[in-house]
Amino acid sequence: MKPAQIQAFFATLQAANPHPVTELEYTSVFELLTAVLLSAQATDVGVNKATRKLFPVANTPQKILALGLEGLESYIKTIGLFHSKAKHLMQTCQMLVERHGGEVPRTREALEALPGVGRKTANVVLNVAFGQPTMAVDTHIFRVSNRTGLAPGKTPLAVEQQLLKRVPPAYAVDSHHWLILLGRYVCQARKPLCHQCAVSAYCDFKPKTTG
């Protein structure tokens with residue numbers, strides 16, 4: 001995909017959805033961090049279902065710690081890998097209280113030092129909560145970036161680095177939302193819905209599927 005095509009690609013996505021947001025439900029930076037931590041290998045729908053019950057009861061590090069491990073697990077047991085996620089979340093809450101005054105840190109280094117928080121999770125928090133132009137490369141963004149020719153790469157990190165180079169600055173903050181939504185609902189894994197895709201004209205993928 002050439003620079004002029006990339007510009008048109010994102011201009012089209014922006015026109016269709018000027019203010020994209022994450023589909024995870026949250027009302028604070030800590031709730032966002034918790035939801036993203038729980039979302040690994042799980043759907044946003046499934047995470048939201050659990051956090052709608054958890055957050056009214058415990059939505060700060062201190063309140064999560066007060067639940068205890070078994071108490072926390074009882075709220076998130078419908079989410080895959082809930083045992084390890086509960087353990088990581090408890091450890092993260094402990095670190096937030098001990099090292100950060102109960103607040104979520106604003107740097108990648110500090111975020112990635114939290115248990116259960118990898119590069120992708122840190123990128124989501126930095127982008128969604130703090131407005132930084134990061135690229136949280138999940139399976140959808142990895143697929144879309146390679147299939148369309150937007151930012152080819154063999155690993156999530158390689159794709160992330162390509163996106164940071166190739167996405168025009170004007171679209172950098174919102175671009176990862178547009179790409180996730182495109183991958184989730186249109187540029188799907190098994191059968192991309194090219195006939196419904198607003199940006200198919202700028203895409204390298206051949207052949208295009210029809211209805």
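A brief look at the structure comes next.

Cut-offs used in this document
- Residues numbered from 1 in each chain as written.
- Predicted model: local features only at pLDDT ≥ 70, side-chain atom pairs only at ≥ 80, totals over all residues.
- Heavy atoms only, no water.
- 1 Å grid on protein atoms, 1.4 Å probe; cavity = no way out; pocket = protein on both sides within 12 Å on 5 of 7 lines; lining within 4 Å.
- Points joined across faces, edges and corners; volume = space filled by probe spheres on them.
- Nonpolar A, V, L, I, M, F, W, Y, C, P; charged D, E, K, R; others polar.
- Helix = DSSP H or I, 4+ residues; strand = E, 2+ residues; numbered from the N terminus.
- Salt bridge = Lys/Arg side-chain N within 4 Å of Asp/Glu carboxyl O.
- Axes fitted to C-alpha atoms, helices over the stretch in contact; angles between N-to-C directions.
- Parallel < 35°, antiparallel > 145°, perpendicular 65-115°, else oblique.
- Left-handed = near helix turned anticlockwise from the far one by under 90°.
- Contact = heavy atoms within 4.5 Å.
- Phe/Tyr/Trp six-rings, centres within 6.5 Å; stacked < 30°, edge-to-face > 60°.
- Buried < 20%, exposed > 50% of the residue type's maximum accessible area, 1.4 Å probe, protein only.

Take empty space enclosed by the protein next. Under the counting rule described, the total for this entry stands at 1 cavity of 30 Å³ or more. Counted as a void, the largest cavity has a volume near 100 Å³. Split into classes, the residues belonging to the lining of the largest cavity amount to 11 nonpolar, 2 polar and 1 charged.

The next thing to look at is the layout of surface pockets. Remark: the empty space left among the atoms is shown by a probe the size of a water molecule rolled over them. Counted as a void, the largest pocket has a volume near 730 Å³. Taken together, 34 residues line the largest pocket, and the ones lying closest to its centre are Ser39, Ala42, Asp44, Lys120 and Asp138. Those elements that provide at least two residues to the lining of the largest pocket are helix H2 (29-38), helix H3 (44-54), helix H5 (82-100), helix H7 (119-128), helix H8 (139-148) and helix H10 (175-185). Element by element, the count of residues in the lining of the largest pocket is highest for H10, at 6 residues.

Following the criterion strictly, the structure yields 5 salt bridges and no others. One salt bridge in this structure joins Arg52 and Glu25, with 2.7 Å as the shortest N-O distance. With Arg52 in helix H3 and Glu25 in the loop between helix H1 (3-16) and H2, this pair connects stretches of sequence that are 27 residues apart. Connected through salt bridges with shared partners, the residues Glu23, Asp44 and Arg184 form a single ionic network.

One way to put it is that H3 packs onto helix H4 (residues 61-76) with a least axis distance of 11 Å and a crossing angle of 140°. By the criterion of interaxial angle, the relationship of H3 to H4 is oblique. Two packed elements cross with a definite hand, and for H3 against H4 that hand is right-handed. In this structure, H3 contributes Ala50, Lys53 and Leu54 to the contact, and H4 contributes Ile64, Leu67, Leu72, Tyr75 and Ile76. Grouping the amino acids of the contact of H3 with H4 by side-chain chemistry returns 7 nonpolar, no polar and 1 charged.

Counted according to the given criterion, the structure contains 4 aromatic pairs. Taking 5.9 Å as the distance between ring centres and 20° as the angle between the ring planes, the aromatic pair formed by Phe10 and Tyr171 counts as stacked. Note that Phe10 is positioned in helix H1 and Tyr171 in the loop between helix H9 (156-166) and H10, a separation of 161 residues in sequence. Owing to a relative accessible area of 0%, Phe10 belongs among the buried residues under this scheme.

In short, shape yes, function no, at least from these values alone.
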